[in-house]
Every structure is written in C-alpha cells, then in structure tokens.
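# Structure assessment
Spelled out, the chains give:
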Amino acid sequence: MLTFYRSLTHPKQLTVYCLLLTACYLPLAAFCQEVKESKGVYQFLTEDPTQKPFFSDRQGVVGKNGMVASAHPEASRVGVEILQKGGNATDAAVAVQFALAVVHPSAGNIGGGGFLVYRTKKGKNYTLDFREKAPLQGHKDMYLDADGNVIQGLSMTGHLASGVPGSVDGMVKIHQKFCKLPWTELLQPAIDLAEKGVVLTAREAAGLNRIKNDLKKLNPNTTYFLRQDGRDWHLGDTLIQADLGKTLRRIQAQGRAGFYEGETATLLVKEMQRGKGIISAQDLQQYQSAWRKAIVGQYKGYKLITMPPVSSGGVALMQLMKLVEPYPLKRWGWHADSTLQVMIEAERRVYADRAKFLGDPDFVKVPIKQLTSTDYLRQRWQDFSFDKATDSKAVKGGDIAGYESTETTHFSIVDKDGNAVAITTTLNGGYGSRIVVEGAGFFMNNEMDDFSIKPGVPNMFGLIGNKANAIAPSKRMLSSMTPTIIEKDKKLYMVVGTPGGSTIITSVFQTILNVLEHGMTMQQSVNALKFHHQWLPDKTLFENGAFTENTIKRLQARGYILEMQRNTIGRMDCILVRPDGSLEGGSDPRGDDTSVGY
Ligand code: DON
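Cut-offs applied
Residues numbered from 1 in each chain as written. Predicted model: local features only at pLDDT ≥ 70, side-chain atom pairs only at ≥ 80, totals over all residues. Heavy atoms only, no water. Helix = DSSP H or I, 4+ residues; strand = E, 2+ residues; numbered from the N terminus. Buried < 20%, exposed > 50% of the residue type's maximum accessible area, 1.4 Å probe, protein only. Contact = heavy atoms within 4.5 Å. Salt bridge = Lys/Arg side-chain N within 4 Å of Asp/Glu carboxyl O. Pairing = 2+ DSSP bridges. Core = buried A, V, L, I, M, F, W, Y, C linked by side-chain atoms within 4.5 Å. Domains from an automatic or database assignment. Phe/Tyr/Trp six-rings, centres within 6.5 Å; stacked < 30°, edge-to-face > 60°. Lys NZ or Arg CZ within 6 Å of the ring centre and 35° of its normal. Polar contact = N/O pair within 3.5 Å; in protein donor to acceptor, adjacent residues only side chain to side chain. Axes fitted to C-alpha atoms, helices over the stretch in contact; angles between N-to-C directions. Parallel < 35°, antiparallel > 145°, perpendicular 65-115°, else oblique. Nonpolar A, V, L, I, M, F, W, Y, C, P; charged D, E, K, R; others polar.

## A closer look at the overall build of the protein chain
- Assigned secondary structure in the protein chain consists of 22 helices and 19 strands.
- Taking all 598 residues of the protein chain together, the buried fraction comes to 64%.
- Partitioning the intrachain contacts of the protein chain with sequence separation of at least 6 by distance along the chain shows that 73% fall at a separation of at least 24.

## Overview of the pattern of salt bridges
- Tallying each qualifying case throughout the model produces 38 salt bridges.
- Across the pair aspartate 129 and arginine 292 runs a salt bridge whose closest N-O atoms are separated by 3.0 Å. Highlighted residues: aspartate 129 in strand 4 (residues 125-130) and arginine 292 in strand 7 (residues 290-292), separated in sequence by 163 residues. Judged on exposure class, the residue aspartate 129 and its partner arginine 292 are both buried.
- Residue arginine 256 pairs with aspartate 169 through a salt bridge whose shortest N-O separation is 2.8 Å. Of this pair, arginine 256 sits in the loop between helix 10 (242-254) and helix 11 (257-260) while aspartate 169 sits in helix 6 (residues 167-178), and the two are 87 residues apart along the sequence.
- One salt-bridge network, in which partners are shared between bridges, spans Glu345, Arg348, Arg349, Asp383 and Asp538.

## A look at helix 8 (residues 202-210)
- Among the residues making up helix 8, those that are buried are Glu204, Ala205, Gly207, Leu208 and Asn209.
- Where helix 8 is buried, its residues touch helix 5 (89-103), helix 9 (212-218) and strand 6 (238-239).

## Some details on unusual backbone geometry
- Valine 310 follows proline 309 through a cis peptide bond whose omega is 25 degrees.
- For valine 310, the location among the structural elements is in the loop between strand 9 (302-306) and helix 14 (313-324).
- At the junction of leucine 536 and proline 537, the peptide bond is cis and its omega measures out at -5 degrees in the coordinates.
- Locating proline 537 in the fold gives a position in the loop between strand 14 (531-532) and strand 15 (540-543).
- Its identity is not glycine, yet tyrosine 431 carries a phi of approximately 60 degrees, on the positive side.
- Position of tyrosine 431 relative to the elements: it lies in the loop between strand 11 (420-426) and strand 12 (484-488).
- One non-glycine residue, tryptophan 535, adopts positive backbone phi at about 75 degrees.
- Within the secondary structure, tryptophan 535 is located in the loop between strand 14 and strand 15.

## Overview of the sheet that holds strand 14
- An order of 14-15-16 is seen for the 3 strands of this open sheet, with the pairing classed as mixed. Two strands close off the open sheet at either side, each with one partner strand: strand 14 and strand 16 (562-565).
- One ladder, built from 2 bridges, connects strand 14 with strand 15; its direction is antiparallel. If you follow phenylalanine 531 over to strand 15, its bridge partner there is phenylalanine 542.

## Focus on the nonpolar core
- Ranked by internal contacts, the top residues of the largest apolar core, which has 86 residues, are Met321, Val324, Val342, Met494, Ile512 and Leu516.
- Looking at this core, the element that brings in the most residues is helix 16 (residues 337-357), giving 9 residues.
- In this structure, this core is formed jointly by two domains, domain 1 (44-60 + 293-405 + 481-597) and domain 2 (71-291 + 407-469), each of which donates at least three residues.
- Once residues within four sequence positions are removed from consideration, leucine 516 is found in contact with Tyr299, Tyr302, Met321, Tyr493 and Met494.

## Digging into the pairing of strand 9
- Counting buried positions along strand 9 yields 4 of 5 residues, so the element is predominantly enclosed.
- Looking at chain direction, strand 8 (residues 295-299) and strand 9 are connected through 5 bridges and run antiparallel. Across the sheet, tyrosine 299 pairs through a bridge with tyrosine 302, a residue of strand 9.
- A loop of 2 residues connects strand 8 with strand 9, the two strands running antiparallel in sequence, and lysine 300 in this loop sits at a positive phi of about 50 degrees.
- By the bridge criterion, 5 bridges tie strand 9 to strand 12 in an arrangement that is antiparallel. What sits directly across from threonine 306, in strand 12, is threonine 484.

## Focus: the packing of aromatic side chains
- Tallied over the full model, the rule gives 20 aromatic pairs.
- Taking the centre distance of 4.8 Å and the plane angle of 70 degrees together, the rings of phenylalanine 259 and tyrosine 260 count as edge-to-face. Of the two residues examined, phenylalanine 259 and tyrosine 260, each falls in the buried class.
- Put simply, the rings of Tyr327, Trp332, Trp381, Phe384 and Phe386 touch in pairs and so form one group of aromatic residues.
- Seen from the ring of tryptophan 291, lysine 177 lies directly overhead, with NZ or CZ sitting 5.2 Å from the centre.
- Above the ring of tyrosine 260, the side-chain terminus of arginine 256 is found at 4.4 Å from the ring centroid.

## Some details on the environment of tyrosine 431
- On the basis of relative accessible area, tyrosine 431 is assigned to the buried category, the value being 1%.
- Along the primary structure tyrosine 431 and threonine 157 are separated by 274 residues, whereas in three dimensions their C-alpha atoms are 9.9 Å apart.
- Excluding anything up to four places from it in sequence, tyrosine 431 contacts Pro105, Ser106, Glu204, Gly207, Leu208, Arg210, Ile211, Phe443 and Met444.
- Of the polar contacts made by the side chain of tyrosine 431, one reaches the backbone nitrogen of leucine 208; its length is 3.3 Å.

## Here's the deal with the packing of helix 7 (residues 183-196) against helix 10
- The N-to-C vectors of helix 7 and helix 10 enclose an angle of 175 degrees; their axes lie 8 Å apart at closest approach. When the interaxial angle is binned, helix 7 and helix 10 end up roughly antiparallel. On helix 10, the residues that touch Trp183, Thr184, Leu187, Gln188, Ala190, Ile191, Ala194 and Glu195 of helix 7 are Ala242, Gly245, Leu248, Arg249, Ile251 and Gln252.
- For the contact of helix 7 with helix 10, the class distribution of residues is 8 nonpolar, 4 polar and 2 charged.

## Some remarks on the environment of glutamate 132
- Among the secondary structure elements, glutamate 132 is positioned in the loop between strand 4 and helix 6.
- For glutamate 132, a relative accessible area of 0% translates into the label buried.
- For glutamate 132 and serine 162, which are 30 residues apart along the polypeptide, the C-alpha to C-alpha distance reads 8.4 Å.
- A distance of 3.2 Å separates the side chain of glutamate 132 from the backbone nitrogen of glycine 113, its partner in a polar contact.

## Section: the sheet that holds strand 18 (residues 583-587)
- The sheet built from 7 strands is open, its strands ordered 1-18-17-13-12-9-8 with antiparallel pairing. Across the chains shown, the open sheet's two edge strands, defined by having one partner strand only, are strand 1 (61-63) and strand 8. Sheet twist, expressed as the average angle between the axes of neighbouring strands with direction ignored, equals 25 degrees.
- For strand 17 (residues 573-577) and strand 18, the ladder comprises 5 bridges, and the chain directions are antiparallel. Bridge pairing in strand 18 places aspartate 573 opposite serine 587.
- Sheet contacts for helix 20 (residues 503-516): strand 8, strand 9, strand 12, strand 13 (491-496) and strand 17; angle to strand 13, the most-contacted strand, approximately 140 degrees.

As structure tokens, this is what we get:
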C-alpha cells in the first residue's frame with residue numbers, strides 16, 4: 001500500500017494511472033481529479049517519516065480580542081496597547097509603522113514606502129499605495145555611464161539610490177480615512193521609544209554592527225547608529241535616537257507638513273545636496289500616496305484580497321494560486337515531488353510574466369485581467385511535463401547573476417471587531433541607501449534599484465525587467481510586496497505578508513497553501529521550510545531540510561537545479577481566525593518577530 005501511495009507522487013507512474021484511467025485526452029482539471037485518493041495520506045506526506053517540515057517548534061499566540069504580529073516585540077506591544085485603548089486596526093497600524101521606524105531601523109521607516117491592504121469588519125476592502133516615486137529629475141539612463149553600461153552600486157547605495165518617500169503621507173491618509181484615535185496619540189509611542197531608547201536585540205545589534213563601515217563612509221562625522229565609545233553594539237544596549245524623536249514630534253504636531261515641508265524637508269533636501277542626490281523640495285511637496293482597487297480573486301472556496309500594481313505581488317500571487325488550483329496538492333502532500341514540481345513550474349512562469357508586463361499603472365497598462373484569467377493560465381501549462389523541468393530560456397530569454405537577501409518588514413493586525421490590516425513597508429535593502437538624513441536621524445531608502453535600470457540587467461534580487469518598469473520622473477518602481485487578506489465564507493480568515501525581496505511572493509504563496517491545503521496552523525505554516533524559484537536564474541533555492549534527500553535526487557534527475565540557501569527565506573507575520581473565532585498570531589522564528597494578542 002505504501003508503495004502505492006508513493007507512486008502517486010511519482011510522475012511516471014502517475015502518468016500511467018492517468019492514461020489507463022482516461023485513455024484519451026482530458027482537460028487539466030479532469031486529469032487531476034483522476035488521481036486516486038488514498039486512505040491514511042497524512043498532511044505532510046513525505047517519504048521520510050522523520051522529516052520535520054519546520055524551521056522551529058514555536059507555538060502560535062492566541063488572543064480573543066485582537067492580535068498584532070510584527071517584526072519586533074516592542075512594535076507589537078505598541079500596537080496592542082493602541083487596540084486596548086479603543087483604537088481600531090488602522091489606529092494600531094499607524095502606531096506600529098512609526099514604532100518600527102524606531103525599533104527596527106533596517107526596514108521600519110519614515111524614509112521609505114509600502115502598501116496597505118485593509119478589510120473592514122463589514123467586508124469592504126481598500127488598498128493604499130504609499131510606494132516611493134522617482135524624483136522629478138530621474139530618467140531612464142540615470143544609472144548608466146556614457147557607454148550605456150550600468151554604474152555598479154549607484155542605484156543601491158548613496159544619495160542617488162533614493163526614491164521620494166511615501167510612508168508618512170500613507171499614514172496620514174490612513175488616519176484621515178479610518179482611524180478613531182487622535183494622530184498625536186498614535187505618534188507618541190514611537191517618540192517615547194526614540195527619546196527614551198530601545199533595548200537592542202542581538203539581531204538588531206548585529207545589523208547595526210554590520211553596516212558600521214558604510215555608515216561612517218557615507219555619512220562622515222555622523223554619530224547616528226554608532227556607539228559613543230566606538231565599540232560594537234551588543235544585546236541589551238540601549239539605542240537612543242534624539243533627532244529622530246524631534247522629527248517624529250514635527251510629524252506629530254504638523255502631520256504631513258511635518259515631513260514634506262518645513263524643517264524635515266529642508267534637512268532632507270540639504271542631505272541630498274551634500275551627496276549629489278536629486279530629491280528636491282518640489283518632489284516632497286508633490287508626493288501623494290494613492291488608493292487603488294484591490295486584486296480580488298477566488299481560490300477554491302476562499303477569497304483573496306491583495307495588492308495591485310505597482311506591486312507585482314498581488315497579480316503574481318493570484319496567478320500562482322490559479323495555476324496550482326487544478327492540482328491535488330493536498331493528496332500529493334506537503335513538498336511531495338509532484339507538489340514541488342507544480343509549484344516550481346508555476347513560479348517559473350509567473351516571474352517571467354512579471355518581468356515582461358508589470359510596472360506602474362499610472363504609466364503603463366498592466367493587463368491584469370488577462371494575466372489572471374483561467375484561459376491564459378491554462379495555456380501557460382501547455383509546455384509543462386512531469387518528466388522534465390521546463391527550461392527557463394524556453395519560457396523567456398536571459399541569463400543573470402545571483403542575488404542577496406536583505407530586509408523589508410510586514411505586519412498584520414486584527415482588532416476586536418474583525419477589521420484587518422496587512423502592511424508591508426520597506427527601505428528596500430537593509431538600512432536602505434545607508435544615508436541618514438543629518439539633523440533628522442532617519443535612513444533613506446534605496447528603492448530606485450527596484451526599477452529596471454537597464455532592460456535585462458538584474459536588480460539586487462536578480463529580478464530583471466523591461467520597459468514597463470523603466471525609470472521616469474514621478475513614476476513608481478515595481479515591487480514584490482504582497483500584503484494579503486483572505487476570506488472564507490465571507491468572513492475574515494487570514495492576514496499574511498513578509499519581507500524577502502523577490503522571495504516575498506513565493507513565501508506568501510507557500511504560507512497560504514500550507515494552511516489551506518496541508519492543514520497547518522498559522523504558526524506551523526510560518527515555521528514551515530520554504531523554497532523559491534523566480535524564472536531567472538533558473539534554479540530552485542530551498543531552506544536546509546525543506547526537501548528530502550530522495551526528493552532532491554529525483555528532481556535533479558528531471559533537470560531541476562536545486563541550491564540550498566545559506567540564508568533563511570521569509571520573515572512572515574500572519575494571523576489566522578480559528579474556528580471558534582479566536583485569533584492565532586504566527587510570527588517568524590527566523591527573526592525577532594513576535595505576535596501579541598489580548
Ligand atoms: O518592493 C520590493 O519588492 C522590494 N523593495 C522589497 C525589498 C525586500 O523585501 C527586502 N527584504 N528582505
């Protein structure tokens with residue numbers, strides 16, 4: 001019997017069964033229905049019963065009234081305190097965004113941007129795009145030399161790497177539309193953390209030590225983020241950020257004008273001029289975040305609400321879900337060969353589409369409907385065979401270098417009434433451009449690298465792009481951030497998201513499937529080991545232990561290039577509504593991430 005179960009995950013035998021059963025061509029969905037159900041197949045079916053699919057055994061946090069899952073325990077605490085004071089999920093979100101800018105400076109920010117997906121307790125949905133924009137003086141060749149070659153590093157480090165920040169405008173817009181508590185109250189916890197100091201975790205201390213040289217090189221004479229005695233930071237040290245506190249007080253007192261005008265704006269523009277940056281006072285005055293229509297789609301009985309362009313995340317996630325929907329992933333089991341093949345091949349095709357079609361909808365037409373339509377996605381499977389990996393070059397051309405993992409941050413919040421917030425926000429790389437605005441104490445983003453700085457040339461995540469994502473004045477750069485909310489039976493079911501650059505989309509995809517198909521709890525799904533394929537480079541990265549030795553051998557025999565990832569994949573912060581209505585926070589043990597509920 002066991003052999004029979006195994007054979008269900010073995011492509012050749014599977015094909016034989018199907019041929020016997022059908023004896024003629026059947027459409028894809030029917031093909032999948034013909035796979036025999038086996039009694040006793042368990043959730044995480046793998047050949048090796050000792051294999052643990054989890055990065056850690058961390059347990060989820062359960063709360064009855066509200067939950068905040070974020071990258072830092074202090075930020076989650078701030079969020080829950082706001083909920084307990086009578087704030088709703090958006091009140092808590094604004095407070096958490098500002099708190100993260102203080103306690104998690106590698107990714108939390110006021111000098112960056114992000115996306116909100118919001119579902120009200122009544123089921124209405126909203127998305128806000130507070131992504132950075134290219135400065136007015138930006139142009140498509142701004143990172144190329146006279147011969148048209150990319151000037152290495154210019155879009156990643158230093159003053160020219162920054163887009164016009166959107167986070168403060170985003171928070172102001174969220175506050176105007178949805179919040180209950182006064183703006184001043186939502187800023188106060190972040191101000192307290194900046195002025196009184198935050199106790200560093202080991203991870204935060206190590207992050208600051210890692211960028212010490214860059215900080216000194218790029219910000220001569222700076223004292224920001226450096227210990228007074230010049231030594232390295234340690235776990236338990238207190239980081240005080242007095243100038244950031246003053247900047248936050250200006251934002252607290254003046255709202256939008258406290259950042260985009262007056263002293264903060266003057267300091268920011270002066271900082272730009274010091275390093276030949278091009279963000280001007282006009283850029284800051286003109287910046288506006290934008291309400292957008294969510295991408296909404298069905299996966300089996302579930303409704304997904306996710307971020308539209310200029311994030312590629314929502315379109316890509318919908319494509320991935322729809323591509324795998326006809327296949328019996330649950331029956332095949334978690335990380336069984338066939339499950340992996342189908343997911344990897346879906347990822348390959350979706351990232352090829354991303355490179356070709358996705359860009360700022362204010363500048364280019366993105367064919368969202370077509371890309372997510374059943375007909376189109378069915379066509380995308382035409383060249384797929386279980387016998388052999390598809391060659392990425394046959395999907396689309398190109399050959400590129402590897403990529404590194406850096407930081408962004410995601411948080412999920414649900415309040416006592418069931419309003420739900422998913423926000424992913426970023427400076428792009430860890431600590432962004434590594435430029436700190438002198439006098440204002442915050443890091444600027446290096447989001448310009450998310451543009452396609454030259455067609456076909458990979459960005460820091462190895463992602464390539466084309467004209468749709470070329471730089472133009474005031475245009476937004478393409479993103480992979482995928483804040484997502486899921487409904488089941490018209491009720492709130494799950495809130496998900498993560499950092500991870502190009503791996504964001506695939507991590508969100510897997511985290512959702514782990515719950516919907518493989519019966520994991522929220523925390524198990526976050527703990528579960530992840531993998532990633534992005535079309536180019538043509539290889540599948542996986543976390544140590546994610547695939548069994550036998551699976552690796554068999555996939556390799558079918559032409560898959562597999563590479564164990566030295567770093568971890570994803571830092572998910574998610575919430576699941578349990579059958580009894582209580583909330584399970586799942587926060588990633590790969591980071592300092594913490595869920596706090598009440
Ligand atoms: O918007 C994007 O897709 C990237 N700027 C996100 C960067 C990121 O997630 C880095 N983190 N790990």
